[in-house]
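Given next are the chains, with one letter for each unit.
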Amino acid sequence: MTNFITLLAAAPEHTNLIAKFIDLLNNGINGVGGIGIFGVTVIVFTLIFKFALLPLDLWQKFSMRKQSLAMERLRPQLEKLEKQYANKPEILKQKQAELQRGQMTGMLGSCLPMIVTMVVFFVVLSGFNEYIRVENEKIVYTIAEAYNGGIVDEAVLASFYKPESFLWIKNIYMPDTWSAVIPTMEQYVGSGMGALNATRPDIANIPNWYSTLIGPAATAHNPTSFWNIAKWNGYLILPILSIITSIFSAKLMGSTQAQSAVGTKEQQKSAQKTQKFMNYIMPVMFGVFSLFYSSAFALYIFISSLFSTIFNLTFNLIIKKKDKQRANK
């Protein structure tokens, strides 16, 4: 009894604000008609988070739009300066800087969308990582409590580990790949990319504690070899979708940034090359994280990118319509 109370007191809790919010949201959704699907929580969380950041997205869009219009107004004068000082590059740069001063948002405005995207990405990743880690720890602590209470039958111990499935994914806490459905000991206690870095229950006299407690569930759910495709946790669907939607969203965002690039023609070409590079490197990075981290986080990336794609597409269509109306006037 004393050991049981000790284990209960040591049970992990969420401390990260994002993880706490996900947990609160998940408990609320579970109470609505007994849904009990964490994937639904992830989708709802993503939409709430994206709508909360919508004012910032709109500010960025209008800021780049303002800069693009400013460039359009200044273009004839910039072209005139290029002809006038074609053989005097230093004076040309000075004159261009004077002409653009006070009318452009500058480099910060151009880089801000990328900076915000990266900051938000890693903040949310941290929140999801803690949530997944703590939820896995809770399962292991529950099984340890049962074992400490005298339950040693492997079938009963295995029944305590109920993977949280979602659509084709057998355990949304694990990657949507050929990954094990139940985390291996290396995945559970490891600290590398995608590992849970979780803690073990403080219970004595359990030889090979992870195999003893989690082994029965792993035997029941995990594939015995790479070619045991039927027992893969997922089939790479979310990572592929994440890359596709991220590339499309980045291209839509990049087209707006390219139009608002400032500086000389060489500087504008350099900015456009950088933007083109970022259009691919960031989606690839998102795809890599989708491969190694939980399916829940991959689902977040996909829904987030899909939302951004729809938002960027809608915004661009509205701007094109307004530009057409302005041209007709």
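Counting starts from 1 at the beginning of each chain's written sequence and moves along it residue by residue. At least 70 in pLDDT is required for a residue's local features to be given in this predicted model, at least 80 for side-chain atom pairs to be given and counted, and no such filter applies to totals for whole chains, interfaces and linings, which use all residues. Side-chain measures here rest on the full set of heavy atoms in the structure, leaving out hydrogens and waters.

Right, let's get into the overall build of the protein chain. Looking only at helices and strands, one finds 12 helices and 0 strands in the protein chain. Numbered from the N terminus, helices here are DSSP runs of H or I no shorter than four residues, and strands are runs of E no shorter than two. Traced from its N-terminal end to its C-terminal end, the protein chain shows the element sequence α-α-α-α-α-α-α-α-α-α-α-α. Categorising residues by exposure relies on relative accessible area from a 1.4 Å probe, with only protein chains included: less than 20% of the type maximum marks a residue as buried, more than 50% marks it as exposed, and the intermediate range marks it as partly exposed. In the protein chain, buried positions account for 44% of the 329 residues. Taking all contacts inside the protein chain whose residues are at least 6 apart in sequence as the whole, residues at least 24 apart take part in 76%. Every accessible area reported is derived by Shrake-Rupley at a probe size of 1.4 Å, with residue values counting cover from the shown protein chains alone. For the protein chain, the computed accessible surface area is about 17700 Å², with 64% contributed by carbon and sulfur atoms. Here, two residues are considered to be in contact whenever any of their heavy atoms come within 4.5 Å of each other.

Turning our attention to the confidence of the model for the protein chain. pLDDT is a residue-level measure of predictor confidence that goes from 0 to 100. Looking at the protein chain, the pLDDT average stands at 79 and 81% of residues meet or exceed 70. Looking across the protein chain, the model is least confident in helix α1 (residues 2-9), with a mean pLDDT of 45, and most confident in helix α3 (residues 38-52), with 92. Overall, residues 1-9 carries pLDDT values under 50, and its contacts beyond four positions in sequence, including any with other chains, amount to 11 contacts.

Okay, unusual backbone geometry next. Located in the positive-phi region is L167, a residue other than glycine, with phi close to 50°. Relative to the assigned elements, L167 resides in the loop between α7 (154-159) and α8 (185-189). Note on L167: relative accessible area 66%, which makes it exposed. Positive phi, normally seen in glycine, also occurs at N197, with a value near 55°.

The next thing to look at is the packing of α3 against helix α12 (residues 295-328). Only the stretch in contact is used when fitting a helix axis, every axis being a line fitted to C-alpha atoms; angles between N-to-C directions are given from 0 to 180 degrees. In contact at an axis separation of 9 Å, α3 and α12 are set at 40° when each is read in the N-to-C sense. Between α3 and α12, the angle falls in the class oblique. For α3 against α12, the interelement crossing comes out right-handed. Counted together, F38, G39, V42, I43, F45, T46, L47, F49, K50 and F51 of α3 and A296, L299, Y300, I303, S304, F307 and S308 of α12 form the full contact between these two elements. Here the contact of α3 with α12 is built from residues that sort into 12 nonpolar, 4 polar and 1 charged. Here the word oblique covers every angle except those under 35 degrees (roughly parallel), over 145 (roughly antiparallel) and from 65 to 115 (roughly perpendicular). Crossing handedness is defined as follows: a turn of the near helix away from the far one that is anticlockwise and smaller than a right angle gives a left-handed crossing, while the clockwise case is right-handed. Following the grouping adopted for this structure description, the nonpolar residues are Ala, Val, Leu, Ile, Met, Phe, Trp, Tyr, Cys and Pro, the charged ones are Asp, Glu, Lys and Arg, and the polar ones are all others, Gly among them.

Pairing is possible between side chains that carry opposite charge, provided their charged atoms lie close to one another. For salt bridges, the criterion is a side-chain nitrogen of Lys or Arg within 4 Å of an Asp or Glu carboxyl oxygen. Tallied over the full model, the rule gives 3 salt bridges. Between R133 and E130 there is a salt bridge, with the nearest N and O atoms lying 4.0 Å from each other. Of the two residues, R133 and E130 both sit in helix α6 (residues 106-148), 3 residues apart, roughly one turn of that helix. Judged by relative accessible area, R133 falls into the partly exposed class, the value being 22%.

By nonpolar core we mean a set of buried residues, namely Ala, Val, Leu, Ile, Met, Phe, Trp, Tyr and Cys, connected to one another through side-chain atoms within 4.5 Å. Grouped together as the largest cluster of nonpolar side chains are 51 residues, with contacts concentrated most on F38, F45, V124, F128, I214, F297 and Y300. Going through the elements one at a time, α2 (17-30), α3, α6, α7, α9 (209-221), α11 (265-292) and α12 are the ones with two or more residues in this core. For this core, the leading source of residues is α6, giving 11 residues. Beyond its immediate stretch of four places on either side in the chain, F45 contacts I18, F21, I22, L25, V124, F128 and Y300.

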